[in-house]
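Structure assessment
Spelled out, the chains give:
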Amino acid sequence: MNNPRIASIEWGVLEGLRPRNAGCNSRLPDHGPTMRDAIARVTLEDGTSGFGFSRVKQPQAEALIGQRLDELISVEQGVTAAGLPIEFPLWDLLGQRTGKPVYALAAEYYGKSLDGPQQAKCYDTTLYFDDLHIASDEEASQLIAEEARQGWERGHRAFKMKVGRGGLHMPLEAGTARDIAVIHAVRDAVGPDAPLMVDANNGWNVNLVKRVLTETADCHLFWLEEPFHEDPVLYGHLQNWMRERGLLVLLADGEGHAAAPLLDWAQAGAIDVIQYDLRDIGLTKWLKVGQKLDSWSVRSAPHNYGSNFGNHASCHLSGVIEHFTFVEWDHADTPGLDTSAYSLSEGQINVPDAPGFGLALDDAIFQLVVQRDGYQVSA
Ligand SMILES: [Mg+2]
């Protein structure tokens with residue numbers, strides 16, 4: 001069948017378990033041990049299907065039944081506006097029907113070719129404020145350093161840690177001093193060569209940034225993420241200040257409610273790494289943005305905290321976007337989502353040369369969550 005119609009959509013939420021509880025960041029309470037991935041499986045009238053992250057609501061799903069595949073996705077254009085609510089399942093479906101991995105389809109979209117199994121560099125994003133119950137900075141630092149060692153054991157060679165303890169959860173001076181102590185401890189734990197990033201979730205201001213970067217200059221931080229809400233004046237000031245001191249810390253921003261002119265500010269040199277959320281904007285938009293950022297030599301690093309599906313989907317952008325820097329990896333084991341074709345070694349995710357995203361659904365488990373809390377619509 002050349003251009004089949006959508007025959008059914010099933011939607012449900014798979015729940016995964018992190019290796020340990022994830023604590024607070026500078027603005028949010030405890031993130032907990034579980035991770036929820038909303039998944040839609042789209043089946044065509046010829047029986048082929050694809051699945052992936054989706055927030056599609058039942059009325060939207062009903063409206064998609066009967067629509068033809070090529071009205072929703074093509075290699076040349078990516079996903080159309082009508083297909084956006086089921087963007088990830090559509091990419092998987094296109095991969096299943098063509099026998100190509102999504103990274104190869106993404107390369108075709110760019111007019112490139114990308115052969116063979118891919119490797120994607122990633123970072124361990126699990127170093128949260130798990131130490132707030134501890135009085136001593138020394139003990140707190142050793143706890144977070146131990147967590148970094150656990151990531152190293154898992155195969156990670158790049159790490160991001162939360163900072164900004166003094167923004168909300170601790171008194172300002174005590175929290176800032178602890179951030180500085182923890183950065184040093186984690187740097188000691190992972191050695192001098194592992195890229196180490198810090199993320200303040202907008203919990204700092206320019207003076208706090210200057211203080212922390214001065215006191216951690218010997219830790220050679222790779223990027224500073226969301227020190228405060230993005231502001232081209234303050235970022236310009238900070239970039240000059242760092243340049244004068246020979247501090248080569250990249251400024252990363254753009255997750256969540258990113259400012260509308262963010263890309264203009266990146267083009268002007270105020271921001272070095274753009275982090276639009278993978279699930280919020282989707283693959284097609286990321287392919288468009290990545291191409292633009294490449295032309296300005298700005299780095300791409302999609303935000304992906306809290307999604308096991310997204311861990312794996314992000315990898316498919318890594319080969320085609322030239323200045324793609326890291327996949328954000330939030331490890332979890334998710335019953336129902338078979339990720340066994342992927343593996344992590346020496347900081348790289350080995351991406352399978354399998355159709356679509358190279359992931360598999362356990363049908364019995366998925367059926368269960370669809371029936372329990374989800375829905376199914378069909379022609
Ligand atoms: Mg962040």
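Definitions and cut-offs
Residues numbered from 1 in each chain as written. Predicted model: local features only at pLDDT ≥ 70, side-chain atom pairs only at ≥ 80, totals over all residues. Helix = DSSP H or I, 4+ residues; strand = E, 2+ residues; numbered from the N terminus. Rg over C-alpha atoms; globule rule 2.2 N^0.38 Å. Buried ≥ 20, exposed ≤ 12 C-beta atoms within 10 Å, placed from the backbone. Contact = placed C-beta atoms within 7 Å. Domains from an automatic or database assignment. Nonpolar A, V, L, I, M, F, W, Y, C, P; charged D, E, K, R; others polar. Axes fitted to C-alpha atoms, helices over the stretch in contact; angles between N-to-C directions. Left-handed = near helix turned anticlockwise from the far one by under 90°. Pairing = 2+ DSSP bridges. Parallel < 35°, antiparallel > 145°, perpendicular 65-115°, else oblique.

Helix and strand content of the protein chain: 11 helices and 18 strands. In terms of overall size, the protein chain behaves like a compact globule, its C-alpha atoms giving a radius of gyration of 21 Å where 379 residues would be expected to give roughly 21 Å. Counting only C-alpha atoms, the protein chain reaches 65 × 40 × 35 Å along its principal axes. When the 379 residues of the protein chain are sorted by exposure, 51% land in the buried category. Partitioning the contacts of the protein chain with sequence separation of at least 6, the portion at a separation of at least 24 is 73%.

On to the domain arrangement of the protein chain, then. Each assigned domain of the protein chain is listed here: domain 1 (6-98 + 362-378) and domain 2 (118-351). The gap between the C-alpha centroids of domain 1 and domain 2 is 27 Å. Contacts between domain 1 and domain 2 engage 26 residues on the former and 35 residues on the latter. Secondary structure elements with two or more residues in the side of domain 1 that touches domain 2: β1 (6-22), β2 (32-44), β3 (49-53), β5 (78-79), α2 (87-98) and α11 (363-373). For the side of domain 1 that touches domain 2, the element with the most residues is β1, which contributes 6 residues. Looking at side-chain class alone, the side of domain 1 that touches domain 2 contains 14 nonpolar, 7 polar and 5 charged residues.

Moving on to the packing of helix α4 (residues 137-154) against helix α5 (residues 172-190). Close contact between α4 and α5 brings their axes to 8 Å; oriented N to C, the two are set at 40 degrees. Like other packed secondary-structure pairs, α4 and α5 cross with a definite hand, here right-handed. Contacts between α4 and α5 pair Asp-137, Ala-140, Ser-141, Gln-142, Ile-144, Ala-145, Ala-148, Arg-149 and Trp-152 from the former with Ala-177, Arg-178, Ala-181, Val-182, Ala-185, Val-186, Asp-188, Ala-189 and Val-190 from the latter. Here the contact of α4 with α5 is composed, by residue class, of 12 nonpolar, 2 polar and 4 charged.

What follows is about the environment of Arg-279. Within the secondary structure, Arg-279 is located in helix α9 (residues 278-295). Taking the C-alpha atoms as reference, Arg-279 lies 9.1 Å from Pro-302; in sequence the two are 23 residues apart. If near-sequence neighbours (up to four positions away) are discounted, Arg-279 is found in contact with Phe-53, Ser-307 and Gly-310.

The element helix α3 (residues 102-109) is largely enclosed, with a buried count of 6 among its 8 residues. Taken together, the buried positions of α3 are Val-102, Tyr-103, Ala-104, Leu-105, Ala-106 and Ala-107. Positive phi shows up at Gly-111, right after α3, with a value of about 75 degrees.

Once that is clear, we can look at the sheet that holds strand β18 (residues 375-378). The antiparallel open sheet is built from 4 strands, whose spatial order is β3-β2-β1-β18. The open sheet terminates on both sides in strands that have one partner only, identified here as β3 and β18. Strand-to-strand, the axes of this sheet are offset by a mean angle of 25 degrees, without reference to chain direction. Bridge count for β2 against β3 is 5 bridges, and the pairing is antiparallel. Each bridged residue has a counterpart across the sheet, and for Ala-40 the counterpart in β3 is Gly-52. Packing against the sheet, α11 makes contact with β1, β2 and β18, and its axis sits at approximately 100 degrees to β1.

The next subject is the pairing of β2. Note on strand geometry: in a regular strand, side chains alternate between the two faces of the sheet. Here β1 pairs with β2 via 12 bridges, running antiparallel. Looking across to β2, one finds that Trp-11 is bridged to Ala-40. Hairpin connection of β2 to β3: 4 residues between the antiparallel strands, including Gly-47 at a positive phi of 95 degrees.

This part takes up the packing of α9 against helix α10 (residues 308-318). Close contact between α9 and α10 brings their axes to 11 Å; oriented N to C, the two are set at 5 degrees. Considering their axes alone, α9 and α10 lie roughly parallel with respect to each other. Contact residues: Leu-278, Arg-279, Trp-286 and Gly-290 in α9; Gly-310, Ala-313, Ser-314 and Leu-317 in α10. Classifying every residue of the contact of α9 with α10 gives 4 nonpolar, 3 polar and 1 charged.

This next bit is on the environment of Cys-219. Its location among the elements puts Cys-219 in the loop between α6 (206-215) and β9 (223-225). Residues Cys-219 and Pro-195 lie 24 residues apart in sequence; the distance between their C-alpha atoms is 9.9 Å. In this structure, Cys-219 is in contact with Ile-183, His-184, Arg-187 and Leu-196, ignoring residues within four places of it in sequence.

Inspection of the secondary structure puts Arg-5 in the segment before β1. Arg-5 sits in the partly exposed class, given 16 other C-beta atoms within 10 Å. Remark: the alpha-carbon pair of Arg-5 and Thr-43, spanning 38 residues in sequence, is separated by 8.8 Å. Aside from chain neighbours lying at most four places away, what touches Arg-5 is Leu-44, Glu-45, Gly-66, Gln-67 and Arg-68.

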